[in-house]
Structures are given as C-alpha cells and as structure tokens.
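Per-entry structural report
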Amino acid sequence: SKSFAMDDSLLDRLFGNVTRLEAVSDVSLTVDRGETLGVVGESGSGKSTLANLVTGLHTPTDGTVTIDGSPVGAATDRPADLLADVGVVFQNASSSINPRMTVGDAIAEPLITQGWSADEREERIAELLDLVELSDQHLDRYAHELSGGQAQRVSIARAIATEPRVLVLDEPVSALDVSVKGSILNLLMRIQAELDLTYLFISHDLSAVKHVADRIAVMYLGELMEVGPAADLFERPAHPYTQALLAAIPDVDPSTSIEDTFVLEGDVPSPVDPPSGCVFHTRCPMAEERCRSEVPDRIDVGRGWSRCHFAEEVADAESVAHESH
Ligand code: SF4
Ligand code: MG
C-alpha cells in the first residue's frame, strides 16, 4: 500500500521513551502517499521526537515504520536506504548547512553518499536548483552569504536530492520572516505536487499548518490527542486541547507563536511523571473526576478521532473560541 504506518507498539516505544512507562494503547498513525500530516502541540509535546524517530535519529527497540511496505526509520538495517527514503528539513537552515561548504557542495553531499557519479550529480544539482527556484549563481556561495529564505531553499534541495518519498519538515518556516514564510510554504506545496511526496509537517505555528496540512495530529505529552482532516479539525475540534490551541492562534500578528498567546494556565507537566488518567486533566477546563483516573479511549467522531471522554460533546458544542478561523 502506498502509505507509511507507525504501529501501536512503535508509538508506545517512542513515547514510552520520553514520557511514560506504561504503554499507550490503541494509537496508530498512517500517512498516505502525497499527503501532508501536520503535527502540532506545544514545546515538549513530543513533536520532535516523532520527527527523530521517522528520520532514524531515535531508535525504538520495537516496531516499524513502513513506506510502500518497506521499513524505514530506525527499523531498517540499511542506513543508506533510510537516507534515500526520508529527507528532513529543520528550522534553522543556515546552521544546518556546513559553513565551510559552498551551496553546490552542500547539495552534492547526499548524492555523493548515495554513490551518484560526477556527471549524474551535475545534472541533478541543476534540476534541484530549478525546483527550489535558485540560480546557478548561488552554487559558489556559503551559508553566511545567503538570506534565511535562500538557505531554507538550499536545505530543501539537499533534503530532496536523493528522491526520498517522505519529507520530515520540523518547524521549516518558524525562523523566517512572515513575507518569506509564505513563499517557502508555496514552494513546499509545489514540490510536493510535482514529486508526489509525503510530508510530516511539524510545527507549533497553527497558521502555517492550516495552510498546508491535509490532516492534523495534535500531540500533548507525547500522546496523540486528536487526529482528523485539517478543515474539520479547525471548524469543529473534538478535544479541549485542540480547542485551546486554536484559540491561541493570534488574530493580529500571524508570526506570534502558540507559547505567546496560549490560553491554558500552567506548563506542560513533566513527562517523567505524567498525570494519571487523561494526561491533559491538570490543565483541561472541562476536566471532571473520572478524567483523573480513567484513560480516555480513542473516540470516533466521524471524520477522525479524539482521545477525550467527552469528545462528542466537545465536537457538538456550538461555540468555538475562534469562529472566524
Ligand atoms: Fe479534558 Fe477529561 Fe477530555 Fe481529558 S478526558 S481532555 S481531562 S475532558
Ligand atoms: Mg521541537
């Protein structure tokens, strides 16, 4: 099948490593070919851990990630294939490019690792520059000679150089000016359509996620709280945490992050000693007694699911904090 799936035990291992000792049951996530899954949550929600797992930087002792039926991530025993299958773009492009390498050398590096010949590389680099809308005049420049947007274009060229099927985008526009942000998001969407890429788009910036994601996965303390199609989730969130995230989208300055406008009190609890029952109960405005003791199941809300005892009531509630979104 043309999808990649993270099975329950994999997620258990992954999130178990950072958040809990007991297993999280009934959690699975499948991303289809050509789809963008937005992963949102506050700092410390486990978003980057998810990225690290898919890119193989974290090693689960159990479970697999498969794309088109073949394992990737730490589950593969062939790191070279992994590099070719999953590309990654980080927030800070200028610092993720080796300062001693020219743009040309930086883009060539993954191709050399994959054994492309000099002729093949030259041809591929020309194609890549075209794809990311840079000219060959940029080839001899160094990272410090590039603007933030240009550096991110180079990072994208590097990430797609070896024709991966999946791109992990970890806060790819969070460090960019608002004006540049839009052009990089548009570039990413065009490249995705042209190359039929699957995106895992990780961000605390819900405005950016809303712009690109087909589906959204909401994370809190290393667990998935809600997963659903982007449009529905923005219109009718079915989890109080999703509601809080949406209410935090700033009306005035779209570059403001969730952390600056967040409506919930308190910090994310320590992942070492997570709350009992529903992990969100210590901050949830709707929490009731049973939330302290009973772990909520994944409740089907028609177009996705929510891990809240009152998912249906939340989804049916007429007033959403920000109707305009
Ligand atoms: Fe809030 Fe309870 Fe739902 Fe958890 S289960 S999100 S604490 S209402
Ligand atoms: Mg992070």
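In this text the structure is predicted, and so the values were computed from the model without any measurement.

About the criteria used
- Residues numbered from 1 in each chain as written.
- Chains lettered and ligands numbered in written order.
- Predicted model: local features only at pLDDT ≥ 70, side-chain atom pairs only at ≥ 80, totals over all residues.
- Helix = DSSP H or I, 4+ residues; strand = E, 2+ residues; numbered from the N terminus.
- Buried ≥ 20, exposed ≤ 12 C-beta atoms within 10 Å, placed from the backbone.
- Contact = placed C-beta atoms within 7 Å.
- Pairing = 2+ DSSP bridges.
- Near = placed C-beta within 6 Å.
- Nonpolar A, V, L, I, M, F, W, Y, C, P; charged D, E, K, R; others polar.
- Axes fitted to C-alpha atoms, helices over the stretch in contact; angles between N-to-C directions.
- Parallel < 35°, antiparallel > 145°, perpendicular 65-115°, else oblique.
- Left-handed = near helix turned anticlockwise from the far one by under 90°.
- pLDDT = per-residue confidence, 0-100.
- Core = buried A, V, L, I, M, F, W, Y, C linked by C-beta atoms within 7 Å.
- Domains from an automatic or database assignment.
- Expected span 1.5 Å × (residues − 1).
- Arc of directions from axis to C-beta.

From N to C terminus, the protein chain includes 14 helices and 12 strands. Put simply, the protein chain has 325 residues, and 45% of those count as buried. Look at the contacts in the protein chain between residues 6 or more apart in sequence, and 66% of them connect residues 24 or more apart.

Take the pairing of strand S6 (residues 86–89) next. Burial along S6 is two-sided: Val86 and Val88 facing one way and Gly87 and Val89 facing the other are all buried. Where S6 lies against strand S7 (residues 166–170), four bridges are found, and the strand directions are parallel. What sits directly across from valine 88, in S7, is valine 168.

What follows deals with the site of ligand 1. In the region of ligand 1, 13 residues are neighbours, and Cys278, His281, Cys284, Cys291 and Cys308 sit closest. Of the residues belonging to the shell around ligand 1, the class tally is 10 nonpolar, three polar and no charged.

At a minimum axis separation of 10 Å, helix H7 (residues 148–160) and helix H8 (residues 178–195) run at an interaxial angle of 20°. By the criterion of interaxial angle, the relationship of H7 to H8 is roughly parallel. Every pair of crossing elements has a handedness; the one defined by H7 and H8 is right-handed. Residues Gly148, Gly149, Gln152 and Ile160 of H7 lie in contact with H8, whose contacting residues are Val180, Ser183, Ile184, Ile191 and Leu195. Classifying every residue of the contact of H7 with H8 gives five nonpolar, four polar and no charged.

It is worth spelling out the sheet that holds S7 at this point. With respect to topology, eight strands assemble into an open sheet ordered S6-S7-S8-S3-S9-S10-S12-S11, the strand pairing being mixed. Either end of the sheet is taken by a strand with one partner, and the two such strands are S6 and strand S11 (299–300). Contacting strand S3 (36–40), strand S9 (215–220) and strand S10 (223–229), helix H11 (residues 240–247) crosses the sheet at an angle of about 105° to S9.

Moving on: the environment of glutamate 312. You can see glutamate 312 is positioned in helix H14 (residues 311–316). The spatial distance from the C-alpha of glutamate 312 to the C-alpha of valine 301 is 6.5 Å, given a sequence separation of 11 residues. What glutamate 312 contacts, discounting residues up to four positions off in sequence, is Ile299 and Val301.

Glancing now at unusual backbone geometry. One non-glycine residue, glutamate 133, lies in the positive phi region at around 60°. Position of glutamate 133 relative to the elements: it lies in the loop between helix H6 (118–131) and H7. Positive phi, close to 55°, is recorded for glutamate 171, a residue that is not glycine. Locating glutamate 171 in the fold gives a position in the loop between S7 and H8.

Confidence in the prediction for the protein chain averages 78 pLDDT; 71% of positions are at 70 or higher. Counting interchain partners and residues more than four positions distant, the pLDDT-below-50 stretch residues 1–27 has 70 contacts. Residue range residues 318–325 is modelled with pLDDT below 50. Its contacts to residues more than four positions away, or to other chains, number 12 contacts. This prediction of the complex comes with two scores: 0.80 for pTM and 0.93 for ipTM.

Turning our attention to the nonpolar core. Ranked by size, the top nonpolar core spans 77 residues in total, and within it Ile107, Ala157, Leu167, Leu169, Leu200, Phe201 and Val218 carry the most contacts. Both domains that furnish three or more residues to this core are identified here as domain 1 (3–216) and domain 2 (235–316). In this structure valine 218 touches Val40, Gly41, Leu224, Met225, Glu226, His239, Tyr241, Thr242 and Leu245, once residues within four positions along its chain are discounted.

Structurally, the α-helix is built with 3.6 residues per turn, so residues lying three or four positions apart point the same way. Compared with the 20 Å implied by 1.5 Å per residue over 14 residues, the 20 Å span of H6 between its first and last C-alpha is a close match. Taken residue by residue, H6 has Ile125, Leu128 and Leu129 as its buried positions. Buried positions in H6, seen along its axis, are confined to an arc of 100° and lie on one side of it. Residues Asp119, Glu120, Glu123, Ala126, Glu127 and Asp130 are exposed on H6 and point more than 90 degrees away from its buried face. Tucked inside the fold, the buried residues of H6 contact helix H5 (103–113) and H7. Glutamate 133 sits one or two positions beyond H6 and adopts a positive phi of about 60°.

It is the contact of H5 with H6, at a shortest axis distance of 10 Å, that shows an interaxial angle of 120°. Between H5 and H6, the angle is such that the two are oblique. Crossing hand, H5 versus H6: right-handed. Between H5 and H6, the contacting residues are Gly104, Ile107, Ala108 and Leu111 on the first element and Arg121, Arg124, Ile125 and Leu128 on the second. For the contact of H5 with H6, a count of residues per class yields five nonpolar, one polar and two charged.

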